[in-house]
Amino acid sequence: MSDKTIAQINTDDLRRMDSQEGLILQSCGGSLQEWVDGINGLLTEAGILLEGSKFENVSSFQHDGMTCLLFPFERVALDVNRLAMWRLQTHSQFGGTWLSDFVPNRLGGFVQKPKMELAGHDGNIFSIMGRASVLLQMAGMTAENKEMVERVTSCEDYNKALRIISEYVETELSPKPEPQKSTKKKKGRNAHER
């Protein structure tokens, strides 16, 4: 991986990641690729990255004059409990925080998708797309609106078009966030406990 494959994002992108989680490291100077390689190595040695997994879809962004890196948990096998302990132990070194903490505490919170009901409206996809477009524009989501319109107008399947719209505005078809699975082991009662 080279620095060119580390995606450059901005804080507005972070505010739209409400259904994701990841590790953010702050004040990363020098070669970003060296940071990614070094963190992957440290987390592998610590038994946090599992099954030969490593962070590959790392993003870089600027905040308060610092370069920060986002290591998203998606498609990475890891021991979250060990990572939480590692993050606390190395906080003074790396300024590590969770995405779900950083956005509300540093950026004012996640951007909420506008809500729109599909039920009870005519089946004209352009009418439905038009309503969704107005909602996105009112929410200040101009880039998302443009992307949605381009995707829907190039789609040749009505149901697929509805699913695309439901990615941008919350509808009955929008995917529900998956609950986080706990990696904690259940402890049995000690025979001496009463």
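Up top you'll find the structure we're talking about.
Residues numbered from 1 in each chain as written. Predicted model: local features only at pLDDT ≥ 70, side-chain atom pairs only at ≥ 80, totals over all residues. Heavy atoms only, no water.

Caption draft 1: Highlighting the pattern of salt bridges. Following the criterion strictly, the structure yields 4 salt bridges and no others. Here E74 makes a salt bridge to R75, at a shortest N to O gap of 3.6 Å. (Salt bridge = Lys/Arg side-chain N within 4 Å of Asp/Glu carboxyl O.)

Caption draft 2: Expanded view of the packing of aromatic side chains. For the structure shown, the criterion picks out 5 aromatic pairs. Geometrically, the ring pair formed by W35 and F94 is edge-to-face, given 5.9 Å between the ring centres and 75° between the ring planes. Taken together, the residues span a long stretch of sequence, with W35 in helix α2 (residues 32–45) and F94 in helix α4 (residues 91–94) at a distance of 59 residues. Consider the rings of W86 and F94, whose centres lie 5.5 Å apart with planes at 20°: the pair is stacked. The pair formed by W86 and F94 is uniform in burial state, with each residue classed as buried. Over the face of the ring belonging to W98 we find R87, whose NZ or CZ atom lies 4.6 Å from the ring centre. (Phe/Tyr/Trp six-rings, centres within 6.5 Å; stacked < 30°, edge-to-face > 60°. Helix = DSSP H or I, 4+ residues; strand = E, 2+ residues; numbered from the N terminus. Buried < 20%, exposed > 50% of the residue type's maximum accessible area, 1.4 Å probe, protein only. Lys NZ or Arg CZ within 6 Å of the ring centre and 35° of its normal.)

Caption draft 3: Main features of the sheet that holds strand β3 (residues 59–63). Read across the sheet, 5 strands follow the order β1-β3-β4-β2-β5 without closing on themselves; strand pairing throughout is mixed. For this open sheet the edge positions go to β1 (7–8) and β5 (97–98), each flanked by a neighbour on one side alone. Bridging between strand β2 (residues 22–25) and β5 involves 2 bridges; their strand directions are antiparallel. Note that in β5 the partner of I24 across the bridge is T97. This element, α2, spans β1, β2, β3 and β4 (66–72) of the sheet and lies at about 40° to β4. (Pairing = 2+ DSSP bridges. Contact = heavy atoms within 4.5 Å. Axes fitted to C-alpha atoms, helices over the stretch in contact; angles between N-to-C directions.)

Caption draft 4: Region of interest: unusual backbone geometry. Phi at E51 is positive, roughly 55°, even though this residue is not glycine. Positionally, E51 belongs in the loop between α2 and β3. Look at E51 and you get exposed, because its relative accessible area is 77%. A positive phi angle, close to 50°, is found at D64, a residue other than glycine. Of note, D64 is situated in the loop between β3 and β4. Residue class for D64 comes out exposed when judged on its relative accessible area of 63%.

Caption draft 5: Seen up close, helix α3 (residues 80–89). Every buried residue of α3 is listed here: L83, W86 and R87. Along the long axis of α3, the arc covered by the buried residues comes to 100°, so they all point the same way. Exposed and oriented more than 90 degrees from the buried face of α3 are L88 and Q89. The inward-facing, buried residues of α3 contact β2, α2, α4 and β5. Between the side-chain oxygen of the N-cap and the backbone nitrogen of N81 there are 3.1 Å, and the N-cap of α3 in question is D79. (Arc of directions from axis to C-beta. Polar contact = N/O pair within 3.5 Å; in protein donor to acceptor, adjacent residues only side chain to side chain.)

Caption draft 6: Spotlight on the pairing of β4. Along β4, 6 of the 7 residues are buried, which leaves the element largely enclosed by surrounding structure. Examined bridge by bridge, β2 and β4 share 4 bridges and lie antiparallel to one another. Along β4, the bridge assignment pairs L23 with F71. With 5 bridges joining them, β3 and β4 adopt antiparallel strand pairing. Looking across to β4, one finds that Q62 is bridged to T67.

Caption draft 7: Structural context of the packing of helix α7 (residues 142–153) against helix α8 (residues 158–168). At a minimum axis distance of 9 Å, the contact between α7 and α8 shows a crossing angle of 175°. The orientation of α7 relative to α8 falls into the category roughly antiparallel. Judged by residue contacts, E144, E147, M148, R151 and V152 of α7 engage A161, I164, I165, E167 and Y168 from α8. Considering only residue class, the contact of α7 with α8 consists of 6 nonpolar, no polar and 4 charged. (Parallel < 35°, antiparallel > 145°, perpendicular 65-115°, else oblique. Nonpolar A, V, L, I, M, F, W, Y, C, P; charged D, E, K, R; others polar.)

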